[in-house]
Structures are given as structure tokens and as C-alpha cells.
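Geometric and topological summary
Next come the chains, spelled out residue by residue.
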Amino acid sequence: MPSLCRSRGVTLIAVNHADLWRGRVRVLHDVSLAVAPGEIVTIVGPNGSGKSSLLRLMTGEFVPRRGRVTRAAGLRIGYVPQKLHVDPTMPLTARRLLDLPQRVDEAAARRALEGAGADALAGRQVADLSGGQAQRVLLARAMLSDPQILLLDEPTQGLDQPGAAAFYQRIEGFRRRTGAAVVMVSHDLHVVMSASDRVICLNGHICCEGTPAHVAAAPEWRALFGTGTGGALALYRHAHDHGEHPDHGHHHHDQDHDNNHGHRHGRDAQ
């Protein structure tokens, strides 16, 4: 399987001792990280910690004042922003959105929509989509470039636990099929997807990083983020990970879960 054949020594994106300023505010300080093919990296941190700015640094939209960002030659990046910003008065279907900024053929559009679980949304007006539906369409758009690395900015914000778990399963499936790396910003300090290979805690700088189990035990983690769950780090578990919650099975995956309640249900603390 592609995801199991990670190329040792290959780096897709490397951030080296980067400082990023927005106006007179230093958003990131001395940040270094590298992403290898096939790995899933989750970035967590409080509001204002620079998570979205770090992703935009990785895409090249932002340029560091100090340090540098290097990318593999010809690297194909898929980027999923937090929200879809579209004029609500403009008629635009989900399928037509995939043609912006340049037209794509029907077969490619169909594959991308199916891969993102958005094939039933092709004819829907973008302005009428719920948050979860819009995220699936944005994911389809990011998949069009056959990315080697997928950057997702808080993709499950506003989704409840079953909706988030379904979205995470799509991401895992994409990684499994393509061998692409995934870097995902999480809005929930205490929850990461169970397939994460590495968790990075960001608060303007990298506080700690490692496997979910390592980070959960790190004193820096508990000192900075030890609220709500007492500093415990939890993982989203899927139906195939535990059999005691049959109501969280695959029948949820074609439904949209767009509310802010229930997202703490069905998680196993580490």
C-alpha cells in the first residue's frame, strides 16, 4: 500500500527556523518542521497560536522574515481552507466550483467528488451548502491536483463527532490510496485523529511534538493546555477501532453532521 511505503529520507516540505510577522506582530518564532511522504501530522494550539499562518507559510502564500521554507521540486499541494468564501448572490454549483480557476474534465471532477464523499452535491448551489457539505466540496477541489501533500485548516470545525469521524476516514482513505502526506490543523486542543503519526503543539513556537502518546505525556502539553479534560489527549475512534458503539458505524458517513454538540462523545482518552 502506498501509505506503508514511505520514502525514507525524502522531505516534501521543510520549515527551518522560521519567524513570521504580520504587521508589527510576530506570529511565529523559530519554527522548524519537516513533512515526509505518507505521514499524517496534526497541528494543535489555542486561538491565535499561528496554526493557519503556518499552513499558509507552507503553501508559499506567506514568506518568513527569518528562516526559510523549502519544498520538493514540482511539489503538488492540495489546500483546504477553513471556509468557502463565495458571493451568496452568485449562482455557482459545486461542480462548477471545481472549474475555477480552470476547467477540469468530467471524469476528473467525478473522481474528486466521489473521493471526497461529495458526488451527491455536484448540482447543488454552493451558497446553499452546509458547513460539512462545503468542506467535502473543498476537499474534492484540493484532490483535483493529485496532491502529494494535503494541507487542511480546521476541516472539522462545527462538525459533531460522527461527522468529524467520517471526514477523518475520508482523509485516511485518501492517504491509503495515494500515499500522500496530510498536515491538518485541529480546532480542538484535546482531540486528534487516531491515524496521526505525529502531533505538533503550537503556541507561536513549537511547544512539543511527537506521537499522540508522547505528546499526551509531555509536561509542556499539560502545563500549557491542561484545561477541560485535565490535559488528557484523546483520539477520534472510528467504528473499526471499537465495536462497543455500533451507532457510530458507516451508516453515518453519507449524512451531514453540522452542529456543535456531541463532538466529545465516543472518544477514548489516552
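Before reading on, note that the structure itself is shown above.
All figures in this text were calculated on a predicted structure; none of them were measured in a lab.

A count of helical and extended segments in the protein chain gives seven helices and twelve strands. Buried residues in the protein chain amount to 51% of all 270 residues. Within the structure as shown, the protein chain displays about 12,500 Å² of accessible surface, and the carbon and sulfur contribution to it stands at 50%.

Close approach of charged atoms allows side chains of opposite charge to pair. Counted by the stated rule, this structure contains twelve salt bridges. Across the pair D99 and R95 runs a salt bridge, and its minimum N-O distance is 3.1 Å. Of the two residues, D99 and R95, neither departs from the other in class, the shared state being buried. A single salt-bridge network, built from bridges that share partners, covers R95, R96, D99, R103 and E106.

What follows covers the sheet that holds strand β10 (residues 206-210). Within the open sheet, the six strands sit side by side as β5-β6-β7-β3-β9-β10. Their pairing is mixed. Strands with a single pairing partner mark the edges of an open sheet, and in this sheet they are β5 (77-80) and β10. Direction aside, neighbouring strands of the sheet carry axes that sit 15° apart on average. Against the sheet, helix α4 (residues 131-143) makes contact with β5 and β6 (149-153), and its axis sits at roughly 165° relative to β5, the strand it touches most.

Rules of the game
- Residues numbered from 1 in each chain as written.
- Predicted model: local features only at pLDDT ≥ 70, side-chain atom pairs only at ≥ 80, totals over all residues.
- Heavy atoms only, no water.
- Helix = DSSP H or I, 4+ residues; strand = E, 2+ residues; numbered from the N terminus.
- Buried < 20%, exposed > 50% of the residue type's maximum accessible area, 1.4 Å probe, protein only.
- Areas by Shrake-Rupley, 256 points an atom, 1.4 Å probe, with all protein chains shown as cover.
- Salt bridge = Lys/Arg side-chain N within 4 Å of Asp/Glu carboxyl O.
- Pairing = 2+ DSSP bridges.
- Axes fitted to C-alpha atoms, helices over the stretch in contact; angles between N-to-C directions.
- Contact = heavy atoms within 4.5 Å.

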